[in-house]
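Inside the fold
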Amino acid sequence: MNGHALLEAREVTVRFGGLVAVDAVSAAFAPGELVGIIGPNGAGKTTFFNALSGVIAPTAGEIFADGQRLTGRQPHRYAHQGVARTFQTPRVFADLSVADNVNFGLQFAGRGRTASWLLKDTASILNLIGLAAQAALPAAAITPSQQRLLEIGMALATRPKLLLLDEVAAGLTESEVQAMAQLIRRLRDELDLTVIWIEHAVTTLLRHVERVLVLHQGRKIADGTPAEVVRNPEVIEAYLGDEMVEPA
Amino acid sequence: MMKKELLILLALTGWALAVPHYGSEFAVSMALTCLMYAALSSSWGLFCGSTRYLSLATSAFFGIGAYTGALLLETTPWLAAVGLGALAAAAVAVVMGAAVLHLRGTYFAVLTFGMTELIHHAISYWEKQVMGTVGRVLTVVPDRDTIYLTVLGLAVLAVLTSIIVRRSRFGLALAGIGADEQRAQTLGVNTRLVKVLGFAITAAFAGAVGAAMSVRWTYIDPATVFNPFIGFQTVLIALIGGAATLWGPLIAAVVFSLLAETLRLQAPQLYLMSLGLLLIICVLYLPGGLASLKRETFTQWRADTAGWWRGLRTKQGDA
């Protein structure tokens, strides 16, 4: 592995009783990379994310963030080390206002961290994610697609170096998906963030990322550019009958 | 907003200060009960209301404070004994919290109750087997006004702490834990530390109140000071008042002590029945507690009336 990986998983295994959800997956993510993770249902994508963000302690293997060994540490340590994440089902603080939801991260992991002017304060983050007009509304009152944006805003408020996005485009309309992809590109380009993006809709994802990891039954079966991955016979077999058969 | 809250607190303190000078013995006793539950429920709500960890361990901390105070009172000044009672309870809370605060909901509630019983019976056993006598008579007891002022001070301190914590990052962390603990963690909150600290603050108040109140009884034994009813009543008061609100526990503490002191002696069944009835009404119709009655119901009612009045006047203008 190269020495300057921002986040590195070494032989990470997560077992639930007899089920091996993630099976000895190794991966390293360099600063500024935009990486996608795909895989059929139950491939272990979200479990892998949970391990990468400290939400689940891996059964075996090691996780390093920015050179620090974080295996088995609490999630707040990951956040303080610059690893931020969103959840598949938005987990916003429903009773708090949109602005207070964003402010939460600024008060904890984001506090005292140097950040781009785009993440200067609550107002600038709300502008970045396009929710400035909803700032005073309770988070429970905004639309589900706005809640997905708010999830990203909450994660950005921790002023991270790396952002883990779990199916942020699920359930969005085609134009909303385009806007989301543009936002994600912008986060990478202007904030110099490393972005790791899980999406179930493979074609959407392959269009926007530069590198893609394929998980199947908990194992990593491919890791390369989208063009390489769609030609990989193992990937084609894993996805047989799924949307991947007609590559983008 | 904070200024307003402090002013209300100041006014209430003034009223409470006046009671021993003008009130009858009965009124003072009632006010003391009221202040005791105000302190217990406010500090309970500070941690349990915002994080939604339902602790039934108040009696344990109360009892530990009472015993610590009783042991020290002959050799230590009054306020130091109360302070050490608080410290002892907080220390036990840190240990207990580290053991059970990773559990949620019913498991947490049941375990805190179990630990209270464990401490209660451990002390009974120790007294029986090692000391040879159960309970102890308190010989050095401060006068009534000192006790009253101390409990009043604790109640004011509990509300003051709540006011300050609500505006602090610590309070935000507690609220985040209550809303979605894991989400708060991924946003950088050291939830274990925050929970243990919050639990210890709650316990310290219960311990101090225990130390201050036990002297009123002149004789204490484990069954009196570890009485689970103290813990239940604290929880009920906080829930009925609105555990997540600042004034809710205080309002309910007043209602309760009025009920307790007037009904308990004449009609004990009626007292428990009204307790139960109040809880049922609050759970069903006022999940935010009595405090939410003031905030939402009345402002809505006022807005409706104002709207109706405006409508009436424009209609008159048209005609």
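Residues numbered from 1 in each chain as written. Chains lettered and ligands numbered in written order. Predicted model: local features only at pLDDT ≥ 70, side-chain atom pairs only at ≥ 80, totals over all residues.

**Observations concerning the overall build of chain A**
- In terms of regular secondary structure, chain A is built from nine helices and ten strands.
- In summary, chain A has a C-alpha radius of gyration of 17 Å against a globular reference of 18 Å for 248 residues, a match within 12%.
- Projected onto its principal axes, the C-alpha positions of chain A cover 50 × 40 × 35 Å.
- When the 248 residues of chain A are sorted by exposure, 50% land in the buried category. (Helix = DSSP H or I, 4+ residues; strand = E, 2+ residues; numbered from the N terminus. Rg over C-alpha atoms; globule rule 2.2 N^0.38 Å. Buried ≥ 20, exposed ≤ 12 C-beta atoms within 10 Å, placed from the backbone.)

**Considering the packing of helix H3 (residues 58–72) of chain B against helix H5 (residues 105–131) of chain B**
All names here are of chain B.
- Across the interface, H3 lies against H5 with an axial gap of 8 Å and an inter-helix angle of 30°. The angle between the axes of H3 and H5 places the two elements in the roughly parallel class. Residues Ser-59, Ala-60, Gly-63 and Tyr-67 of H3 form the contact with H5, whose participating residues are Met-115, Thr-116, Ile-119, His-120 and Ile-123.
- Split by residue class, the contact of H3 with H5 holds five nonpolar, four polar and no charged. (Axes fitted to C-alpha atoms, helices over the stretch in contact; angles between N-to-C directions. Parallel < 35°, antiparallel > 145°, perpendicular 65-115°, else oblique. Contact = placed C-beta atoms within 7 Å. Nonpolar A, V, L, I, M, F, W, Y, C, P; charged D, E, K, R; others polar.)

**Some words on the domain arrangement of chain A**
All names here are of chain A.
- Each domain of chain A was delimited in the assignment, giving domain 1 (1–82 + 161–168 + 190–248) and domain 2 (84–160).
- Placing the centre of domain 1 and that of domain 2 at their C-alpha centroids yields a distance of 24 Å.
- In this complex, domain 1 contributes 18 residues to the contact, which on the side of domain 2 involves 13 residues.
- For the side of domain 1 that touches domain 2, the elements supplying multiple residues, two or more each, are helix H1 (45–52), helix H2 (75–80), strand E7 (162–166) and helix H6 (174–191).
- Per element, the largest residue contribution to the side of domain 1 that touches domain 2 is five residues, and it comes from E7.
- Counted by class, the side of domain 1 that touches domain 2 contains nine nonpolar, five polar and four charged residues. (Domains from an automatic or database assignment.)

**Side note on the sheet that holds strand E1 (residues 7–16) of chain A**
Residue and element names in this part refer to chain A.
- Pairing is antiparallel across the open sheet formed by four strands, whose spatial order is E2-E1-E4-E5. The outermost strands of the open sheet, each flanked by one partner alone, are strand E2 (19–29) and strand E5 (68–69).
- As judged from the seven bridges shared by E1 and E2, these two strands associate in the antiparallel manner. Pairing of Glu-8 across the sheet is with Ala-28, part of E2. (Pairing = 2+ DSSP bridges.)

**Notes on the pairing of strand E8 (residues 194–198) of chain A**
Residue and element names in this part refer to chain A.
- In terms of residue burial, E8 counts as a mostly covered element, since five of its five residues are buried.
- Judged by which residues are buried, E8 turns out to be covered on both faces: Thr-194, Ile-196 and Ile-198 on one side and Val-195 and Trp-197 on the other are all buried.
- Note that strand E3 (residues 34–38) and E8 share four bridges and pair parallel. Opposite Val-35, over in E8, you have Ile-196 as the bridge partner.
- Both E7 and E8 contribute to a ladder of five bridges, which runs parallel. Within the sheet, the bridge partner assigned to Leu-162 lies in E8 and is Thr-194.
- Following the chain from E7 across H6 to the adjacent parallel E8, one finds a crossover that is right-handed. (Right-handed = clockwise from strand over helix to strand, strands pointing away.)

**Examining the interface of chain A and chain B**
- On the side of chain B, 14 residues touch chain A, which itself brings 18 residues to the contact.
- Going through the elements one at a time, H2 and helix H3 (98–107) of chain A are the ones with two or more residues in the side of chain A that touches chain B.
- When residues in the side of chain A that touches chain B are grouped by element, the largest group, four residues, is from H2(A).
- Here the residues of the side of chain A that touches chain B are counted per class, giving eight nonpolar, seven polar and three charged.

**Overview of the sheet that holds strand E6 (residues 83–85) of chain A**
All names here are of chain A.
- Pairing in this open sheet of six strands is mixed, and the strands run E6-E7-E8-E3-E9-E10 from one edge to the other. The open sheet has two free edges, formed respectively by E6 and strand E10 (219–224), since each of these has just one partner strand. Between one strand axis and the next, the sheet turns by 20° as a mean value, whatever way the strands run.

**Some details on the pairing of E3(A)**
Residues and elements named next belong to chain A.
- Most of E3 sits out of view: four of its five residues are buried.
- Where E3 and strand E9 (residues 211–216) come together, four bridges link them in parallel fashion. Along E9, the bridge assignment pairs Val-35 with Arg-211.

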